[in-house]
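# Structural features, examined
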There are 2 protein chains.
Amino acid sequence: MKTIENISRMSTFVKMMKKEGKSIGLVPTMGYLHEGHLSLVKAAKKHTDVVVMSIFINPLQFAPHEDLEKYPRDLKHDEEMARTAGVDVVFYPSLKDMYPEGYATYVTVEKLTDNLCGESRTGHFRGVTTVVIKLFNIVKPDVAYFGQKDMQQALTVKKMASDLNMGIEVKMMPVVREKDGLAMSSRNMYLNDAERKDAAVLHQSLKNAETLIKNGERDAGKVMKAVEEMIRSKQSARIEYVKLVDARELKDVKMITGEIALSVAVFFGKTRLIDNTTITVR
Amino acid sequence: MKTIENISRMSTFVKMMKKEGKSIGLVPTMGYLHEGHLSLVKAAKKHTDVVVMSIFINPLQFAPHEDLEKYPRDLKHDEEMARTAGVDVVFYPSLKDMYPEGYATYVTVEKLTDNLCGESRTGHFRGVTTVVIKLFNIVKPDVAYFGQKDMQQALTVKKMASDLNMGIEVKMMPVVREKDGLAMSSRNMYLNDAERKDAAVLHQSLKNAETLIKNGERDAGKVMKAVEEMIRSKQSARIEYVKLVDARELKDVKMITGEIALSVAVFFGKTRLIDNTTITVR
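Everything numeric in this text was worked out from a predicted model, so none of it was measured. (Residues numbered from 1 in each chain as written. Chains lettered and ligands numbered in written order. Predicted model: local features only at pLDDT ≥ 70, side-chain atom pairs only at ≥ 80, totals over all residues. Heavy atoms only, no water.)

### With respect to the overall build of chain A
Cut-off, in case you're wondering: By definition, any uninterrupted DSSP run of H or I lasting at least four residues is a helix, any uninterrupted run of E lasting at least two residues is a strand, and each is numbered from the N terminus. We call a residue buried when its accessible area falls under 20% of the maximum for its residue type, exposed when it is over 50%, and partly exposed in between, using a 1.4 Å probe and counting protein chains only. Between two residues, a contact is recorded if the distance between any of their heavy atoms is within 4.5 Å. To be clear on the numbers: accessible area is Shrake-Rupley with a 1.4 Å probe, and residue cover counts the displayed protein chains and nothing else. Positive charge is attributed to Lys and Arg, negative charge to Asp and Glu, and no charge count is given to His or to the chain ends. Where a charge lies is defined by one atom per residue type, namely NZ (Lys), CZ (Arg), CG (Asp) and CD (Glu).
Looking only at helices and strands, chain A features 10 helices and 10 strands. Projected onto its principal axes, the C-alpha positions of chain A cover 55 × 40 × 40 Å. Here chain A, with 282 residues, has 58% of them falling under the buried criterion. Sequence-distant contacts in chain A: of pairs separated by 6 or more residues, those separated by 24 or more amount to 73%. Split by element, the accessible area of chain A, about 13100 Å² in all, is 50% carbon and sulfur. Taking the average place of the 43 positive charges on the side chains of chain A and the average place of its 37 negative ones, the gap between the two points comes to 2 Å.

### Here's the deal with the sheet that holds strand β2 (residues 24-29) of chain A
Residue and element names in this part refer to chain A. So the rule is basically this: Two strands pair if DSSP finds at least two bridges between them. In this description, a line fitted to the C-alpha atoms serves as the axis of each element, helices being fitted only across the stretch in contact, and the angle between N-to-C directions of two axes falls anywhere from 0 to 180 degrees.
Spatial ordering of the open sheet is given by β1-β4-β3-β2-β6-β7, a layout of six strands whose pairing is parallel. Only two strands of the sheet have a single partner each, and these edge strands are β1 (2-4) and β7 (169-173). Each adjacent strand pair in this sheet contributes to an overall mean axis angle of 25°, direction not counted. Relative to strand β3 (residues 50-55), β2 runs parallel, the two sharing six bridges. Looking across to β3, one finds that threonine 29 is bridged to isoleucine 55. Taken strand by strand, helix α2 (residues 35-47) contacts β2, β3, β6 (143-147) and β7, and its axis lies near 155° from that of β6.

### A few points about the interface of chain B and chain A
To keep things clear, this is the line we draw: Counted as salt bridges are all cases of a side-chain nitrogen of Lys or Arg within 4 Å of a carboxyl oxygen of Asp or Glu. The definition of a polar contact used here is a pair of N or O atoms within 3.5 Å, where within protein one atom must be able to donate a hydrogen and the other to accept one, and adjacent residues in sequence count solely through side-chain atom pairs.
On the side of chain A, 23 residues touch chain B, which itself brings 23 residues to the contact. Here chain B and chain A share two salt bridges between them. A salt bridge links glutamate 110 of chain B to arginine 126 of chain A; the nearest nitrogen and oxygen atoms lie 3.2 Å apart. Run the count over chain B and chain A and you get 18 residue pairs in polar contact (both at pLDDT 80 or more). For the side of chain B that touches chain A, the secondary-structure elements that each account for two or more residues are β5 (105-109), α6 (124-139) and α7 (151-163) of chain B.

### Some words on the pairing of strand β9 (residues 258-268) of chain B
Residues and elements named next belong to chain B. Most of β9 is tucked away, with 10 of its 11 residues classed as buried. Of the pairings in the sheet, the one linking strand β8 (residues 237-246) to β9 comprises nine bridges and is antiparallel in character. By the bridge assignment, leucine 244 is partnered in β9 with leucine 262. What sits between the antiparallel neighbours β9 and strand β10 (residues 271-281) is a turn of two residues, in which glycine 269 has the positive phi angle 60°.

### Notes on the pattern of salt bridges
Under the criterion given, the structure shown has 36 salt bridges over all chains. For lysine 149 of chain A, the salt bridge goes to aspartate 150 of chain A, with nearest N and O atoms at 3.3 Å. According to the relative accessible area criterion, lysine 149 of chain A is buried, its value standing at 16%. For aspartate 180 of chain B, the salt bridge is made with arginine 196 of chain B, and the minimal N-O distance between the two is 2.8 Å. With a gap of 16 residues between them, aspartate 180 of chain B in the loop between β7 (169-173) and α8 (193-199) and arginine 196 of chain B in helix α8 connect regions that are remote in the sequence. Where salt bridges share partners, they join Glu119, Lys243 and Asp252 of chain A into one cluster.

### Quick notes on the relation of the copies chain B and chain A
Counted only if it meets this: We place the copies in one frame by least squares, fitting the C-alpha atoms of every residue whose pLDDT is at least 70 in both.
Note on the identical chains: chain B maps onto chain A by a rotation of 180° and an axial translation of 0.0 Å, with an RMSD of 0.0 Å. Here the symmetry operator amounts to a two-fold rotation axis. For chain B, the residue whose C-alpha comes nearest the rotation axis is valine 107 of chain B, separated from it by 2.3 Å. Residue by residue, 100% of the interface of chain B is reproduced at the interface of chain A, so both copies engage with the same surface.

### Focus on the side chain of serine 186 of chain A
All names here are of chain A. Inspection of the secondary structure assignment puts serine 186 in the loop between β7 and α8 (193-199). Under the relative-accessibility criterion, serine 186 is labelled buried at 6%. Of the polar contacts made by the side chain of serine 186, one reaches the backbone oxygen of tyrosine 32; its length is 3.1 Å.

### What about the domain arrangement of chain A?
All names here are of chain A. What counts is decided by this rule: Here the limits of each domain have been adopted from an automatic or database domain assignment. Summed over both partners, the accessible area (1.4 Å probe) lost when two parts come together is defined as the buried area.
Its domain assignment divides chain A into domain 1 (2-173) and domain 2 (186-281). Placing the centre of domain 1 and that of domain 2 at their C-alpha centroids yields a distance of 26 Å. Contacts between the two partners involve 22 residues from domain 1, matched on the other side by 21 residues from domain 2. Taken over both partners, the interface formed by domain 1 and domain 2 buries close to 1800 Å², and the fraction arising from carbon and sulfur atoms is 53%. The three residues of domain 1 that bury the most area against domain 2 are Asn115, Leu116 and Met151, which together make up 27% of that side's buried surface. For the interface between domain 1 and domain 2, the tally reads two salt bridges.

### Some words on helix α6 (residues 124-139) of chain A
Where we set the bar: Between the first and last residue of a helix there are one fewer steps than residues, each counted as 1.5 Å, and that sum is the expected span.
Counted at 1.5 Å a residue, the expected span for α6 of chain A with its 16 residues is 22 Å, and the 22 Å between its end C-alpha atoms agrees. Across the 16 residues that make up α6 of chain A, a large majority, 15, are buried.

In structure tokens form, the structure reads like this:
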């Protein structure tokens, strides 16, 4: 496994791979890897010749009050995990290389980013699409892999790639969960023991909602209320949102029909976690 | 010469050229070609193997009150001129192919677009950078050519390509002028005879300013005043701006030193024309 720490060397490597006719899979991460990331690597290895994992904590996608400073870092451990998973290149650019002085260009995807996390995390998705287009242009992947835990992010990046004719396939892969159902996230390490126990309620409440819908409930309000009640039963939980939206445009729905997504953002103590599930009702 | 009218066929052609190891030069235009455009083709032919000229009137870069509806169109004549100039492919995508229903992604370059034309033409540069990134992604040029008449546009596109790591060289080529010095522009055809005569004052006023500076004038205010007075002497002229800015960041300067640009936007009747000159003072 190679570790490449600057953009121009990454470009040279990519040019070489293209010349050899190799396809490239990209797994963009902010590091502090877990099984969720590794599932993306596994998918990439199946479909592409060369798997590049980027590790870059992107300040642009953190709002001023968010956890940029304390976001967990452990490059040594990440490299070890990436190597074991079969990553070919870890791309680890510096902040200065990515955003040199005078940097001024931003990509925005409208509409898809209005609801859900877009409502509270001002500038977050602009930060995501901006860093991802840079990574796409540097690594020139044939396929890029994102996890469904960050569904709104994956859909937004997919929309950007399509709107801007990037010729890159964006794949959204299933959420990977802990034994009790908690979605894997680098931020889970912020949780203390009580919060960690409480956080399992996210997945439980989504499963419960799926059951309600399977049993015929079509009123979005009633389903959201059931989810909220389950979450509120946990002492450390504070709900940011519980929403039922259509799974394509992420607009609120009142009646449950077609492809919908149930999406939640909840603080456990000071740690904000998100989760979601998509449901198709015919 | 090929004419390609849709994006996916253009992509197929580009893939073929890349496979053959050919370099691609792109000349993006809105059609109604003149010698200015052809000078870009000439430069492209010199440096790249395959010259693609795009012709697309981009609604995104026109404000609601601007001249989108009446912008001149003459594809037959354009094709003839392009063929004669040695263009290999005219890329002529449809509006629907470029901006399908639900289109939602935009690229902005900050700072560089604040001053000059950015002040009055709300959304103009966002429209330019958005269409250009799409053309860049479709045509994948090695080099793209822009005219210095639209200096702010050329610098903004160059900044976008660099900030977003596009690996595309953006070249700004000298203004091509009519015999009396008027910068070539598709919009010149809007002018009636009197306005056309008056419009020659733009270049004259720039030349006069160059002389003032050559003779030692360093006070930007005085130079701008001289330019304004010359332009105002023409009956059909109404000044939008006359500005002295530094040639890199396009910020207003008070003292003339280093590389500066003198940039003007003036209405002759209802037709808005722009021109500029860059001057280096040591």
